[in-house]
Amino acid sequence: MNRKSFKTGLVVLSFMSMGAVVKAQKKNDFNNPGLTHYLNDEHSRYISFSGYAELWARYTQMNPGSLINNEATSGASDLSLRRVRVKMTYKPTEKLMFVLQGGTTNVNVNAKASNYFDLLDAYAEYNFSDKIAFGAGRSTWRGLSRFTTGPLNTLLYDLPAYATSNAGATDYTVRELGAYVKGQLGKFDYRLVVADPYSMATADPKLNVATFSKNSPGKDFSGYFRYAFLDKENISTPFNAGTYVGKKSVLSLGAGFDYIHNAMWHQDVNKNTVNDDMKNFAVDLFYDAPLNKEKGTSISAYGMAMHNDYGPNYVRYVGTNNPATSVDVTQASLNGAGNAMPVIGTGNTYYVQLGGTLPYFNKDKKNLQLQPAVGMQLSDLKGLHDNAVIYDAGISLLMNGMSSRLTFDAQNRPVFENDPGNNAVVSDRKWQFVLKYRIDFN
């Protein structure tokens, strides 16, 4: 842990200690006082504290050639911290808000260099009215699709694979330094963002295959626009709920974009370097509603279609919280090490998700119920001969609403290799099983 990260952790933990002794008026899912201290009688000024932790116990069938500490392995079990977050929100006036968040991501036994507590978010927002607010700093505010900004009450064990697929390429843990404008106009809400993408590329341009450029890219322009046919959704934070577990009736239609000039490059047949713009567009539809409020039953559904243009034949393979340390290149598939799979690329991606809550085990306490869900991603990418199809099926035990839940997920992913004609085809499929516990505090 470096000194800067350690100091950041101390600062945020100090704020948390302050919040623990605050007398608050609101109750959370545990029926305890919330960590919000109001600064005036009207409750329009406050300081609040929140956060969460996600613990994974997992078994992964590894991609061909995967190594853990230079030892070949076909399967691995591990324990990891997927995410830990600590957040402070300070609203000193009715118009001004400041957000500070720290945490760590993907802490597993093989990620020896990333086990630190880091500053993630630090941004301020000025609210002119419900119709327009302006913010700037480092944050996850961005456009494109509903889940691009990261997780909040996910229906399955984690976000769908495509949602944050540029993570680590143009951003840091889905965060960029930028400015945004947002607002709600009746049933319509919007966000427009301009940010400075990070430059993390190390590869030289390849023949007819786009990669992220080592040169300085242009600004990252993104936006997301949504219409609420039923209940309106909260836009006070950048995150969008994956489910309301029947607490609201929501039917929303969204559309968005993400554009970076000269984000990519490749070589043409004459070995000239050609710059490529990143141009992504998406539309999605989200539905979440109660079926029987007394029994606690609800339904949640989501569908998304996205067109991505990163340049010729671009495919990105990502292993979330990857348990592998390296790969034997003589045996490796196109996927690479561990649990990596194709998550995005030039072409079209489609995603559907369906789930809901079953009746309470005890209707009087209303704090114990099951939530089954399934999801499927299909990507038709120019750089792959076969479609990339990823399946997820899981079930959650909600112990204190969404604030304390245990989730089991089974995921099946494709493994790609080049056939004799140099076409990227599916040669195998692998499983990953995750048991996740998440606890929220607020």
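Rules used throughout
Starting afresh in each chain, residues are numbered from 1 along the sequence in its written order. Side-chain atom pairs in this predicted model are given and counted only at pLDDT of 80 or more, local residue features only at pLDDT of at least 70, and totals for whole chains, interfaces and linings cover all residues. As a rule here, side-chain values come from all non-hydrogen atoms in the structure, and water together with hydrogens is ignored. Patch definition: residues with relative accessible area over 30% and no salt bridge; like charges joined within 9 Å; nonpolar side chains (Val, Leu, Ile, Met, Phe, Trp, Tyr) joined within 5 Å. Each accessible area value is a Shrake-Rupley result obtained with a 1.4 Å probe; residue values ignore everything except the protein chains displayed when judging cover. Every case where a carboxyl oxygen of Asp or Glu lies within 4 Å of a side-chain nitrogen of Lys or Arg is listed as a salt bridge. Per the convention used, a helix needs a DSSP run of H or I reaching at least four residues, while a strand needs a run of E reaching at least two, with both numbered from the N terminus. Burial classes follow relative accessibility: with a 1.4 Å probe on protein chains only, a residue under 20% of its type's maximum area counts as buried, one over 50% as exposed, and anything between as partly exposed. Two strands pair under a simple rule: DSSP has to find at least two bridges between them.

Draft legend 1. Looking closely at a nonpolar patch on the surface. A grouping of Tyr-227, Phe-229, Leu-230, Leu-253, Leu-285 and Tyr-287 is seen on the molecular surface, where their side chains present a nonpolar patch of about 530 Å² in accessible area. Topologically, Tyr-227 is positioned in strand 12 (residues 220-228). The partly exposed category is assigned to Tyr-227, whose relative accessible area is 38%.

Draft legend 2. Just the pattern of salt bridges, in detail. In total, this model carries 20 salt bridges according to the counting rule given. Where Asp-220 meets Arg-142, a salt bridge forms, and the shortest distance between an N and an O atom there is 3.6 Å. Of the two residues, Asp-220 is situated in strand 12 and Arg-142 in the loop between strand 8 (132-139) and strand 9 (176-185); the sequence distance between them amounts to 78 residues. Neither Asp-220 nor Arg-142 differs from the other in exposure class; each is buried. Counted as one network, the salt bridges with shared partners bring together Glu-54, Arg-82, Arg-83, Asp-158, Lys-436, Arg-438 and Asp-440.

Draft legend 3. Just the sheet that holds strand 17 (residues 326-327), in detail. Within the open sheet, the three strands sit side by side as 4-3-17. Their pairing is antiparallel. In this open sheet, the two edge strands, each paired with only one partner strand, are strand 4 (71-72) and strand 17. With two bridges connecting them, strand 3 (residues 66-68) and strand 4 associate as antiparallel partners. Looking at strand 4, one finds that Leu-67 is bridged to Ala-72.

Draft legend 4. Representation of the pairing of strand 13 (residues 250-267) within the structure. For strand 11 (residues 211-212) and strand 13, the ladder comprises two bridges, and the chain directions are antiparallel. Bridging across to strand 13, Phe-212 finds its partner in Met-264. One ladder, built from nine bridges, connects strand 12 with strand 13; its direction is antiparallel. Residue pairing across strands places Gly-223 opposite Phe-257, the latter belonging to strand 13. When strand 13 meets strand 14 (residues 273-292), the two strands line up antiparallel, connected through 15 bridges. Paired with Leu-253 across the strands is Leu-285, a residue of strand 14.

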